[in-house]
Amino acid sequence: MTKVKLLLTLLSIVTSNLIAQIPNPALIGYWHNWNDAAAPYIPLDQVDSRYNIIDVSFAVPAAGTDYQMEFIPDQVSPATLISQIQTLQNQGKKVIISIGGATAPISLDNITERNAFVLSMGVILDNYGFDGIDIDFEGSSVSVTGGTISAPADAKIIHLIDAIKLIMQNYFASHSKKLILTMAPETAFVHGGMSAYGGIWGAYLPVIDALRDSLDILHVQLYNSGSMYGINGNVYTQGTADFIVAMTEAVIQGFNTGGGAFAGLPASKIAVGLPACPSAAGGGFTDTSTVKSAIDYLRGNGPQPGSYTLLQSYPDLRGMMTWSVNWDAVNTCSGTYEYAENFENIFGIQTNLTEMDEYTPSFQMHPNPASDFIQIINNRSTDDYQTLYIYNSLGEVLLTSKLTNSNSTIEISQLPDGIYFLNYNNHFQKLVKY
């Protein structure tokens, strides 16, 4: 038996499939928890089957507060909605509670408000059985008055970051799996940091940066945006292929701001967010052929559709997001479920990942929970190539290792106390304690 001792190295997530719960490719749709005459209510379990991540909209602050969260089903009873959520989950879908929205400011101004936010969101998650949370803070909910991306100074940004970490830790302790975390910032809150860093401009960047290892998907709203800078210094206008391509590459490659450099995210964490039809947003609707040409170019599957030239292609781009499922369902825009159909045309057959503990364990860990050190024992009899990713309950990658020898052991030292999980060659399992 060979033995390789590896030092603990803190790394960003570098693969598209580190968290087994996330469908790949992902079609993310926001679902209205209300009836709109122009985009009528749809029973949750009747959402088009191509949507594999459904963001229930929204958890909002209780009256008189901007931090005490509540979620009240508008058209059905809580018991009915819970049953519908379970139906979708049994089909392999992920159902997430989206927090905030355009009309519900949230501000965590102190530790007391942070703790109330954490507790109330925990109740919502547990009562309804949601798989995760989507941060859709808009308006005054997030703003910058000082500090930098890596060292924010604003209390409500600091408390938001801490709150999400606490929610994730509490969820893991209760459910023994990672909480799915997505974010849907408006373009000004991200790309706007290239032209200014203050107020809403770039205000999401400290949050994304602090939670990048836990973040599963970032889908910036590429609508209601006007024009924005690309990383080449040119300005691009919403509703065009160039806008989709330039804004998507910017969050992958990263860019400089007055608050410091923003390091990009892997393409596997990025989805393209667009309105389902012209009526779904104030601006930024992009026709299906233009969307397809832009995403095909991004993924290396098609020619350059405009003037923006990519630095490289991104075949592991995660997918697409839309506001909203309800708007996609109406036939008064272009066609029923046109957005979902375009997703299918772009990405082909969906392949949802299986939960990690459904795989036959090929590795064992001792001890787990760990304190200071841990040993991972490879029980495989073959010498086929293995890439190991060890991560904690927040989804933060602690170590990557290439392992080619069968019946071998890796020993990792200097570990914080805790329970750890393993990804190997895009298979997932809880590390087994013995």
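Residues numbered from 1 in each chain as written. Predicted model: local features only at pLDDT ≥ 70, side-chain atom pairs only at ≥ 80, totals over all residues. Heavy atoms only, no water.

A.B. asks: How should the environment of Pro275 be read in this particular structure?
C.D. replies: Position of Pro275 among the secondary structure elements: in strand 13 (residues 271-275). In this structure Pro275 comes out as buried when scored by relative accessible area, which is 1%. When the C-alpha positions of Pro275 and Trp327 are compared, they lie 8.3 Å apart, and in sequence the two are 52 residues distant. Residue contacts for Pro275: discarding those within four places in its chain leaves Tyr223, Ala280, Ala281, Gly284, Phe285, Thr322, Trp323 and Tyr339. (Helix = DSSP H or I, 4+ residues; strand = E, 2+ residues; numbered from the N terminus. Buried < 20%, exposed > 50% of the residue type's maximum accessible area, 1.4 Å probe, protein only. Contact = heavy atoms within 4.5 Å.)

A.B. asks: Mind showing me how you'd approach the packing of aromatic side chains here?
C.D. replies: Any pair of aromatic rings gets described here by the distance separating the centres and the angle formed by the planes. Per the counting criterion, the structure on display carries 12 aromatic pairs. Residues Trp34 and Trp323 carry aromatic rings whose centres are separated by 6.4 Å and whose planes lie at 35 degrees to one another, so their mutual orientation is tilted. Of the two residues, Trp34 sits in the loop between strand 2 (26-32) and strand 3 (53-61) while Trp323 sits in strand 14 (residues 319-323), which places them 289 residues apart along the sequence. Judged by relative accessible area, Trp323 falls into the buried class, the value being 17%. (Phe/Tyr/Trp six-rings, centres within 6.5 Å; stacked < 30°, edge-to-face > 60°.)

A.B. asks: Just to check I follow, could you spell out the confidence of the model for the chain for this structure?
C.D. replies: Segments scoring low in pLDDT should not have their predicted coordinates read at a detailed level. The predicted model of the chain has a mean per-residue pLDDT of 85, with 79% of residues at 70 or higher. Predicted confidence is poor over residues 350-361, with pLDDT under 50, and the contacts of this stretch with residues over four places away or in other chains come to 36 contacts. Considering only residues more than four positions removed or in separate chains, one finds that residues 425-434, a stretch of pLDDT under 50, has 47 contacts. (pLDDT = per-residue confidence, 0-100.)

A.B. asks: Teacher, can you tell me more about helix 7 (residues 288-298) here?
C.D. replies: Helical geometry: 3.6 residues make up each α-helical turn, so side chains three or four residues apart lie on a common side. For helix 7, the set of buried residues is Thr290, Val291, Ala294, Ile295, Asp296, Tyr297 and Leu298. Looking at the buried side of helix 7, the elements it contacts are helix 6 (241-253), strand 13, strand 14 and helix 9 (338-347). Two residues or fewer past helix 7, Gly300 is found with a positive phi of approximately 80 degrees.

A.B. asks: I'm lost on the side chain of His159 in this one. Help?
C.D. replies: The topology assignment puts His159 in helix 3 (residues 155-175). Discounting residues that sit within four places of it in the chain, His159 has contacts with Leu108, Asp109, Asn110, Ile111 and Arg114.

A.B. asks: Is there a simple way to think about the state of the cysteines in this case?
C.D. replies: One way to say it: the disulfide is the covalent bond shared by the sulfur atoms of two cysteines. Tallied over the full model, the rule gives 1 disulfide. In this model Cys277 forms its disulfide with Cys333; the gap between the sulfur atoms is 2.2 Å. Of this pair, Cys277 sits in the loop between strand 13 and helix 7 while Cys333 sits in the loop between helix 8 (325-329) and helix 9, and the two are 56 residues apart along the sequence. The exposure class assigned to Cys277 is buried, which follows from its relative accessible area of 1%. (Disulfide = S-S within 2.5 Å.)

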